[in-house]
Amino acid sequence: MNTVVFFFTGGTISMKVDPVLGGAVPALSGEEILAHDPELSRLANLEVVNFGRLAGPQVTPQHMWDLSEQIRAALERSEVSGVVVTHGTDTLEETAFFLDLRHHSPKPVVVIGAMRNASELSYDGPANVRAAVRVAIDEGACGQGVLVLLNETIHAAAHATKMDTQAIDTFQSPVFGPLGIVDKDRVYFARMLKYRQTIVTSALELRVDLFQMYAGADGRFIDSARVQGARGIVIEGTGRGNVPPMTLPAIQRAIDAGLPVLLATRCAQGRVLDAYAYEGSGKDLRNRGVIFAGSLTGAKARILLMLALGITSEVKELKNLIEAGQYF
Ligand code: ASP
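Residues numbered from 1 in each chain as written. Predicted model: local features only at pLDDT ≥ 70, side-chain atom pairs only at ≥ 80, totals over all residues. Heavy atoms only, no water.

1. A word on the packing of helix H5 (residues 220-227) against helix H6 (residues 248-256)
Selection criterion: For every element, the axis is a line fit to its C-alpha atoms; helices are fit only across the contacting stretch, and the angle between N-to-C directions ranges from 0 to 180 degrees. We count a stretch as a helix when DSSP gives it H or I for four or more residues in a row; a strand needs E for two or more, and each element gets its number in order from the N terminus. What sets the label is the angle itself: under 35 degrees gives roughly parallel, over 145 gives roughly antiparallel, 65 to 115 gives roughly perpendicular, and the rest give oblique. Less than a right angle of anticlockwise turn of the near helix away from the far helix marks a crossing as left-handed, whereas a clockwise turn marks it as right-handed. We call two residues in contact whenever any of their non-hydrogen atoms come within 4.5 Å of each other. Basically, the charged four are Asp, Glu, Lys and Arg, the nonpolar ten are Ala, Val, Leu, Ile, Met, Phe, Trp, Tyr, Cys and Pro, and anything else, Gly included, counts as polar.
With their axes 8 Å apart at the nearest point, H5 and H6 run at an angle of 20 degrees to one another. Taken together, H5 and H6 sit at an angle that is classed as roughly parallel. As for the relative orientation of H5 and H6, their crossing is left-handed in sense. Here Ile222, Asp223 and Arg226 of H5 come into contact with H6, specifically with Ala250, Ile251, Arg253 and Ala254. Along the lines of polarity and charge, the residues of the contact of H5 with H6 split into four nonpolar, no polar and three charged.

This is the structure:
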């Protein structure tokens, strides 16, 4: 029988309502989560790693790094078919993308969570666990990198994003669509990913900051990040990837200091492009040396820059690495 290794990191899937605190908090171990579904052991040998009991916002890039190292070791074992990670949905897409960038094995890694905690009638943890085991042992999932799975819908880690604060189908791939579904009779992949970006690095740069643009913004936060030692800056521009002109001097100071500046959009979907040529537009930013992050959310673009900075801090090399053959 296949072996599937579970890494439990916390999140709502591990939570129950604490009557004293009056809200959901991490409470269940991995073993207790799996115990909701006694049928699971018929599908695969299940191994449990209790990595942590962290809510999504408590997860750091260092946790992601440590998790990716442990997953790599698990996947190297020949009897292991795949890995399942349970995670708080708030930052699930950042961890999934991080793991995907460092995933070099054909075996699947499936990242799941839950939108209802174990004290609620509609707790969706066990159904997502069952679906994840089925995907982790499915041949169709091989070679597709890290997958995000909730509500029986399979997404590529690079494309999935949390769209709704409370809906069960919160994860969607707004630009490119999901890869497949988990139906009652089979796991159905409607399409294969044509490109995946991976990064081979033994270092992670933690000092990368992210700023969202808004009407009337100026550059104080960007200047402050640079002065306080940021090694990279990610901007969520407006629309196609534009910024208020008052931020330009601070962006230029960051570029002149040799910092990579990466541009994403604050829109819920769509790619950034230098389609406009006014002051503060994408073309203006491109001409100054800003790097474009395709359709990545700002949070994912930051993850990419943190790992890419582990390879090089040369802005030209980073631009090639991030923009050439961009698949997102
Ligand atoms: N706030 C929770 C978390 O990210 C949400 C969840 O897991 O669904 O831990």
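On we go.
2. Thoughts on the sheet that holds strand E15 (residues 261-265)
Keep this limit in mind: By this definition, two strands are paired if DSSP reports at least two bridges between them.
Ordered in space as E13-E14-E15-E16, the four strands form an open sheet in which the pairing is parallel. Either end of the sheet is taken by a strand with one partner, and the two such strands are strand E13 (208-212) and strand E16 (291-292). Across five bridges, E13 lies against strand E14 (residues 232-237) in parallel orientation. What sits directly across from phenylalanine 211, in E14, is isoleucine 235.

3. Quick notes on the side chain of asparagine 242
To be explicit about the condition: Here a polar contact is taken to be a pair of N or O atoms separated by no more than 3.5 Å, where protein atoms must pair a possible hydrogen donor with a possible acceptor and residues adjacent in sequence count only if both atoms sit in side chains.
Tracing the sequence through the fold places asparagine 242 in the loop between E14 and H6. A polar side-chain atom of asparagine 242 sits 3.2 Å from a polar atom in the side chain of tyrosine 278. Ignoring any residue separated from it by four or fewer positions in sequence, one finds asparagine 242 in contact with Met213, Gly237, Tyr276, Tyr278, Gly280, Ser281 and Gly282.

4. Section: the pairing of strand E7 (residues 146-150)
So the rule is basically this: Classification of residues uses two cut-offs on accessible area relative to the type maximum, computed with a 1.4 Å probe and protein chains only: under 20% is buried, over 50% is exposed, and between them is partly exposed. Here the term right-handed applies to a crossover when the path leading from its first strand over the helix to its second strand runs clockwise, the strands being oriented away from the viewer.
The element E7 is extensively covered by neighbouring structure, given that five of its five residues are classed as buried. Residues Val146, Val148 and Leu150 of E7 are buried on one face, and the alternating residues Leu147 and Leu149, pointing to the opposite face, are buried as well. Bridging between strand E6 (residues 109-112) and E7 involves three bridges; their strand directions are parallel. Looking at the pairing, valine 110 lines up with leucine 147 of E7. Once the chain exits E6 it traverses helix H4 (residues 125-136) before rejoining the sheet at E7, and the crossover so formed is left-handed. Two elements, E7 and strand E8 (residues 153-156), share four bridges in a ladder whose sense is antiparallel. Looking across to E8, one finds that leucine 150 is bridged to threonine 153.

5. Notes on the sheet that holds E8
Strand pairing in a sheet relies on backbone hydrogen bonds, with the paired strands running either antiparallel or parallel. With mixed pairing, the eight strands of this open sheet are ordered in space as E4-E1-E5-E6-E7-E8-E11-E12. This sheet does not close on itself; its edge strands, each paired only once, are strand E4 (45-54) and strand E12 (187-189). Averaged over all adjacent pairs, the angle separating strand axes in this sheet is 20 degrees, with direction ignored. As paired strands, strand E1 (residues 3-10) and E4 are joined by seven bridges and run parallel to one another. Its bridge partner being in E4, valine 4 is matched across the sheet by leucine 46. Sheet strands touched by helix H2 (residues 61-76): E1, E4, strand E5 (80-86) and E6. Its angle to E5, the strand with the most contacts, is close to 160 degrees.

6. Structural notes on the site of the ligand
Where we set the bar: The near set for a molecule or strand comprises every residue that places at least one heavy atom within 4 Å of it. The Shrake-Rupley method, run with a 1.4 Å probe, gives the accessible areas here. Residue values count only the displayed protein chains as cover.
Around the ligand sit Gly11, Thr12, Met15, Ala55, Gly56, Pro57, Gly88, Thr89, Asp90 and Ala114, and that is every residue in its neighbourhood. In the environment of the ligand, an oxygen atom lies 2.7 Å from a nitrogen or oxygen atom belonging to the backbone of glycine 56. Residue alanine 114 places a main-chain N or O atom 2.9 Å away from an oxygen atom belonging to the ligand. For the ligand, whose unbound accessible area comes to 260 Å², protein coverage reaches 85%. Of the residues in the shell around the ligand, the class split is four nonpolar, five polar and one charged.

7. Quick look at the packing of aromatic side chains
Filter applied, for reference: Planes of paired rings set the category: under 30 degrees apart is stacked, over 60 is edge-to-face and the rest tilted, where pairs are Phe, Tyr or Trp rings (Trp by its six-membered ring) whose centres lie within 6.5 Å. Throughout this description, the term charge over a ring refers to an Arg CZ or Lys NZ atom that lies within 6 Å of the ring centre and within 35 degrees of the ring normal.
One pass over the full model with this rule turns up four aromatic pairs. Geometrically, the ring pair formed by phenylalanine 211 and phenylalanine 221 is stacked, given 6.4 Å between the ring centres and 25 degrees between the ring planes. Here phenylalanine 211, found in strand E13, pairs with phenylalanine 221, found in helix H5; they are 10 residues apart in sequence, far enough to count as distant. Looking at phenylalanine 221, the relative accessible area reads 46%, which means it is partly exposed. Stacked on the ring of tryptophan 65, the Lys or Arg arginine 102 has its end atom at 3.7 Å from the ring centre. The ring centre of phenylalanine 97 lies 5.8 Å from the NZ or CZ of lysine 300, which sits over that ring.

8. Digging into helix H3 (residues 92-101)
Among the 10 residues that make up H3, 10 are buried, leaving the element largely enclosed by the rest of the structure. Those residues of H3 that fall on the buried side of the exposure criterion are Leu92, Glu93, Glu94, Thr95, Ala96, Phe97, Phe98, Leu99, Asp100 and Leu101.

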